[in-house]
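# Analysis of the macromolecular model
Chain by chain, the residues run as shown.
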Amino acid sequence: MIEFLLNRKKISTNVKSGENLLQFIREHEHLKGTKIGCREGDCGACTVLVGTLQNGKVDYKSVTSCLSSLAAVHGKHVVTVEGLNIENQLNKAQQAMHEHAATQCGFCTPGFVVSMTGTVLDSSSKHATTIDALSGNICRCTGYKSIEKAANQFDSEIGEAEHNLDWFIQHGFVPEYFSTVPKILEDMQTIVPYANNRAVAGGTDVYVREAGDLADLTINYLQVNNKIEITAEKIILGGGVTVTQLWDSPEMNKIFPKLRQHLQLISSKQIRNMATIAGNFVNASPIGDLSVFFLALNAELCLKSEANTERRLALRNFFLDYKKLDLQKNERIESIEFSIPSGAFFFNFEKVSKRQYLDIASVNSAMSFTIEKNIIKEAHVSLGGVAAVPKYLTKTSAFLVGKLADETTIAAATEIAQSEISPIDDLRGSQAYKRALASQLLLQHILVFKGEKF
Ligand SMILES: Cc1cc2nc3c(=O)[nH]c(=O)nc-3n(C[C@H](O)[C@H](O)[C@H](O)COP(=O)(O)OP(=O)(O)OC[C@H]3O[C@@H](n4cnc5c(N)ncnc54)[C@H](O)[C@@H]3O)c2cc1C
Ligand code: FES
Ligand code: FES
């Protein structure tokens, strides 16, 4: 049985755990404020908040319910737009949207209200503005200026000071019943009692392709490691670590000062809240952003079998051919590991897509190197969208070692890179365009390097 709190109501249901959350909310519970738009995680009309009990407090993340399931919310608090209503008054997000005439047909509005309110309930929000929280919400008719004004008003009403839940309740951001939620969740069981029928992590790939088939299954969310561990030499990221966890990690942000700038190019807030690193690798898209990111860190995978035996493998050897992986049926990605760089270290990630945000790449690339007196000591370069797999550039990386980090070196490295890639014409661009992008992105890495102080 699946149990969760839906707004103010306790749900106990025998509906299959693979059932789509959006479907359940609308058809079983008749809460029609959560809209069906694209059913692919792109429009945000179906956004809900999912609250997880952590150390006596509930931390809420916005997710697209069209890509989520009942199993994913077992033991949690699901908040739809109806669950944000306050008796006889508009809540702050509704008020801001209303005052700035930020709604016309109103189809997208519940999603915007939910995402906006998410900023006051989400522990990651201190690193972002309300506009960032709306990165996965699309409006087809209002025009974004009025929505932006509403978001800015919402930010200014929060102000600079840090507030607790009581303050947000007293000031009309969320209804009063939120203060009772921790106790209710505490009393619920939180283990999903099902055999593994279909393995799902965040579900952002699986539910785009298979939502219909999964509805009749009991699914089990992969019980994989979702911790970030730091040793003296290494960062060990559990396979189940989400993009948002990377975003929040102080250690990752210390090593990669531009981390949030890079991660902002990946999907939207809602998808980043669900998407895992291992899911990105196993999806095996040639333009997988996390694959390209971690290839340039020369990352290593720890694979675990059902019998608990471990196998280690360089990420660059994991991708065999188009959607073919060195992964046995009974194996899971337990963790992704990379060495903490010593000395002067440079890392950069670049992505070119038709839209800057919430789009997949035409070509993406990452480069890392350590440097001493402007001489490159160790280098790793990756490119996506230019081969059947996310590509680690073995020869180019080797060539860079011992060279000056400048445009002349990159010009020579680019020639080698061109011999390592084999782009094809497709919807994301012609072969010639992708070759040109590959060269430009390698040059861009070095220009970014020169713009930074070492
Ligand atoms: C709207 C939208 C925008 C997106 N934008 C981007 C983008 O900008 N860049 C990008 O790279 N991707 C993007 N994606 C793709 C997707 O979000 C990522 O690939 C994500 O990282 C997948 O992770 P997941 O946990 O959701 O995978 P799931 O869908 O849960 O799983 C994918 C596959 O991986 C397997 N799997 C998951 N974890 C493990 C594990 N530990 N061991 C073994 N197998 C495992 C599952 O069984 C499944 O076969 C987008 C998707 C959507 C819907
Ligand atoms: S329906 Fe469009 S994101 Fe879910
Ligand atoms: S108001 Fe019509 S889609 Fe946004």
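Residues take numbers from 1 onward in each chain, read along the sequence in its written order. Chain A is the first chain written and ligand 1 is the first ligand written, with later ones labelled in order. Reporting of local features is limited, given that this is a predicted model, to residues whose pLDDT is at least 70; pairs of side-chain atoms are given and counted only at 80 or more, and all residues count toward the totals for whole chains, interfaces and linings.

## What about the overall build of the protein chain?
A run of H or I in DSSP counts as a helix once it spans at least four residues, and a run of E counts as a strand once it spans at least two, with each numbered from the N terminus. Of the regular secondary structure elements, the protein chain holds 17 helices and 18 strands. In terms of its C-alpha atoms, the protein chain occupies a principal-axis envelope of roughly 70 × 50 × 45 Å. The burial criterion counts other C-beta atoms lying within 10 Å of a residue's C-beta, which is placed from the backbone; the residue is buried at 20 or more, exposed at 12 or fewer, and partly exposed between these limits. In the protein chain, buried positions account for 46% of the 454 residues. Of the contacts made within the protein chain by residues no fewer than 6 positions apart, 67% connect residues no fewer than 24 positions apart. Note on contacts: residues are paired as contacts if their backbone-placed C-beta atoms lie within 7 Å.

## Side note on the sheet that holds strand β3 (residues 47-54)
Two strands pair under a simple rule: DSSP has to find at least two bridges between them. Pairing in this open sheet of five strands is mixed, and the strands run β2-β1-β5-β3-β4 from one edge to the other. On the outer flanks of this sheet lie β2 (9-13) and β4 (57-64), each paired with one strand and no other. Ignoring strand direction, the axes of neighbouring strands in this sheet form an average angle of 30 degrees. Of the pairings in the sheet, the one linking strand β1 (residues 2-6) to β2 comprises five bridges and is antiparallel in character. Opposite Leu5, over in β2, you have Lys10 as the bridge partner. Axis lines are fitted through C-alpha atoms, for helices just across the contact stretch, and the angle between N-to-C directions can take any value from 0 to 180 degrees.

## A few points about the sheet that holds strand β17 (residues 375-384)
Spatially, β15-β16-β17-β18 is the arrangement adopted by the four strands of the open sheet, whose pairing is antiparallel. Each end of this open sheet is capped by a strand with a single partner; those strands are β15 (344-352) and β18 (391-392). In the sheet, strand β16 (residues 363-372) pairs with β17 via nine bridges, with the strands oriented antiparallel. Each bridged residue has a counterpart across the sheet, and for Thr370 the counterpart in β17 is Glu378. Each of β15, β16 and β17 is contacted by helix α17 (residues 431-451), which is oriented at about 145 degrees to β15, the strand it contacts most.

## Describing the domain arrangement of the protein chain
In this entry, domain limits derive from an automatic or database-based domain assignment. Considered domain by domain, the protein chain is made up of domain 1 (2-186) and domain 2 (228-451). The straight-line distance from the C-alpha centre of domain 1 to that of domain 2 is 33 Å. Elements that contribute at least two residues to the side of domain 1 that touches domain 2 include exactly β4 and α4 (130-133). With four residues, β4 is the largest single contributor of residues to the side of domain 1 that touches domain 2.

## Observations regarding the site of ligand 1
Placing the C-beta atom from the backbone, one calls a residue near a molecule or strand if that atom lies within 6 Å of it. For ligand 1, the set of nearby residues contains 33 residues, the closest of which are Gly41, Gly202, Ala278, Gly279 and Asn280. Mapped by element, the contributors of at least two residues to the shell around ligand 1 are β6 (199-200), α8 (206-214), α12 (269-274), α13 (277-283), α14 (289-295) and β14 (331-339). Of all the elements, α13 adds the most residues to the shell around ligand 1, at five residues. By residue class, the composition of the shell around ligand 1 is 17 nonpolar, eleven polar and five charged. Both of domain 1 (2-186) and domain 2 (228-451) provide at least three residues apiece to the shell around ligand 1. The residue classification treats Ala, Val, Leu, Ile, Met, Phe, Trp, Tyr, Cys and Pro as nonpolar and Asp, Glu, Lys and Arg as charged. All others, Gly included, are polar.

## Looking at helix α1 (residues 21-28)
Buried within α1 we find Leu21, Leu22, Gln23, Phe24 and Ile25. Looking one or two residues beyond α1, the residue adopting positive phi is His30, at roughly 55 degrees.

## Here's the deal with the packing of helix α2 (residues 92-99) against helix α5 (residues 144-158)
Helix-helix packing: each pair is described by the crossing angle between the helix axes and the interaxial distance. At a minimum axis distance of 8 Å, the contact between α2 and α5 shows a crossing angle of 135 degrees. Classed by the angle they form, the pair α2 and α5 counts as oblique. Where α2 crosses over α5, the two elements pack in a sense that is right-handed. Contact residues: α2 offers Lys92, Ala93, Ala96, Met97 and Glu99, while α5 offers Ala150, Gln153, Phe154 and Glu157. Along the lines of polarity and charge, the residues of the contact of α2 with α5 split into five nonpolar, one polar and three charged. If an angle is under 35 degrees, it is roughly parallel; if it is over 145, roughly antiparallel; if it lies from 65 to 115, roughly perpendicular; otherwise it is oblique. Two helices crossing with the near one rotated counterclockwise from the far one by less than a right angle form a left-handed crossing, whereas a clockwise rotation gives a right-handed crossing.

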